[in-house]
There are 2 protein chains.
Amino acid sequence: MATPREAFIETTARLLELQGYHATGLNQIVQESGAPKGSLYYYFPDGKEGLTAEVIERIGASLAGHIRDQLAQVADPGQAIDLFIQQMAAAMTASDCRGGGPLATVALETSASSERLRSACRDAYRSWQRAFADKLEAGGYAPERAARLGELIIALLEGAIILCRTERSSAPLEHLAEELRPLLRRMEE
Amino acid sequence: MATPREAFIETTARLLELQGYHATGLNQIVQESGAPKGSLYYYFPDGKEGLTAEVIERIGASLAGHIRDQLAQVADPGQAIDLFIQQMAAAMTASDCRGGGPLATVALETSASSERLRSACRDAYRSWQRAFADKLEAGGYAPERAARLGELIIALLEGAIILCRTERSSAPLEHLAEELRPLLRRMEE
DNA sequence: GTCTATATGCAGATAGAC
DNA sequence: GTCTATCTGCATATAGAC
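Right, let's walk through the structure included here. (Residues numbered from 1 in each chain as written. Chains lettered and ligands numbered in written order. Predicted model: local features only at pLDDT ≥ 70, side-chain atom pairs only at ≥ 80, totals over all residues. Heavy atoms only, no water.)

Notes on the relation of the copies chain B and chain A
For the pair chain B and chain A, the best superposition has an RMSD of 0.0 Å and corresponds to a rotation of 180° with a translation of 0.0 Å parallel to the axis. On the angle and the small slide along the axis, the relation comes out as a two-fold axis. Using C-alpha coordinates, one finds that chain B approaches the rotation axis most closely at B:Gly159, a distance of 2.0 Å. Here 100% of the contact residues of chain B are again contact residues in chain A; the copies associate through an equivalent surface. (Least-squares fit on C-alpha atoms with pLDDT ≥ 70 in both. Contact = heavy atoms within 4.5 Å.)

Focus on unusual backbone geometry
Here A:Cys97, not a glycine, exhibits a phi torsion of approximately 60°, which is positive. The residue A:Cys97 is located in the loop between helix H5 (77-94) and helix H6 (104-110) in this model. Exposure remark for A:Cys97: the relative accessible area of 6% places this residue in the buried category. Notably, B:Asp96 is not glycine yet its phi reads approximately 60°, a positive angle. Mapped onto the fold, B:Asp96 is located in the loop between helix H5 (77-94) and helix H6 (104-110). (Helix = DSSP H or I, 4+ residues; strand = E, 2+ residues; numbered from the N terminus. Buried < 20%, exposed > 50% of the residue type's maximum accessible area, 1.4 Å probe, protein only.)

Some points on the packing of aromatic side chains
In this structure the tally under the stated criterion is eight aromatic pairs over all chains. Judged by centre distance (5.2 Å) and plane angle (80°), the rings of A:Tyr125 and A:Trp128 are edge-to-face. Here A:Tyr125 pairs with A:Trp128, and both are found in helix H7 (residues 115-138), just three residues apart, close to one helical turn. Seen in terms of ring centroids, B:Phe84 and B:Phe132 are 5.5 Å apart; in terms of plane orientation they differ by 80°. Their pairing is edge-to-face. Of this pair, B:Phe84 sits in helix H5 while B:Phe132 sits in helix H7 (residues 115-138), and the two are 48 residues apart along the sequence. Of the residues examined, B:Phe84 reaches a relative accessible area of 6% and is grouped as buried. Using a relative accessible area of 1% as the deciding quantity, one classes B:Phe132 as buried. Of note, A:Lys48 hangs over the ring of A:Tyr21, and the distance from its end group to the ring centre comes to 4.4 Å. (Phe/Tyr/Trp six-rings, centres within 6.5 Å; stacked < 30°, edge-to-face > 60°. Lys NZ or Arg CZ within 6 Å of the ring centre and 35° of its normal.)

Structure follows, in structure tokens:
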């Protein structure tokens, strides 16, 4: 964390994933980032909303890249997606079922109250959906089918994350991987 | 809304769905409920958390009953679930994509910070999952398959709701209904 | 049962010195 | 760029009269 600006962004990203938007205060962000308190409004003149908007964009781009990297490691789309979900389940366990889905809480909290944050979340979700869809297309799926399945996969992942957090168990994600496995095989035919 | 107690519960249920937990203040609840301000802590000595816990239980039981009622109107489980999701999509449109998923936001906001609210949400989700699973079992699915598919359906619905709210469109729910249709047919065989 | 008044704390945001 | 001090407002919760 070189500059205070980066420190704010990285700390905010972590806190938003764990606590959501309204439960995360600027005081906590300043404190945990270790950045100078007086510089927050210098780097983010729009305050909390502006800072959050940039964090959402970062998370969106970062995770989209991560998805593409992971999916590129296995040729078959079905197997690649299967493996990706298994890794998400492992990460869920590692975070004691408190992390995962870095935007889900913020998206639900702000979609009705801030147009700026809603559209930022929307763009992030679209980029993740496209990452999956591109992999499926490269594996031979028709573009329209690939886009549909990409949307379905994002919905499944986000929903499974809600269940994992409320159950405090990674089982829903693991079940999801199992259920999707034969499904993506069958659709290849 | 006869008693102040009921007024608090119903108003809180509505606000939690639209705004989530941390964005909903007791002052707003009192004001919009029309109930006497001085009686909130009389009926809910545990304050906001106690009130919210009871609201979650109510929403859980109420929606579980609604799911069972709706699914009972069509004999075939696949068709019944298909119709149910289409009605959810219609309700999503009617609420201008601000409603639907009455617990999703609260579940994510509180699962890491309140054991009481987390377990209340968990029980609600389980009851909904069971409502779908029972319908599938009655339609001939093996109990283990029915339970798995029930979990899958809940995850899909909750995830689709997140996408609908961020996209401000009911399309994700409508797509979900279309994609699930052939899937539940195929699984019957 | 319901009231008003208030305690206490923290939220986001700003002003002006340095 | 960063500081301290502070403004304004609302949050949950409580006390004590009626």
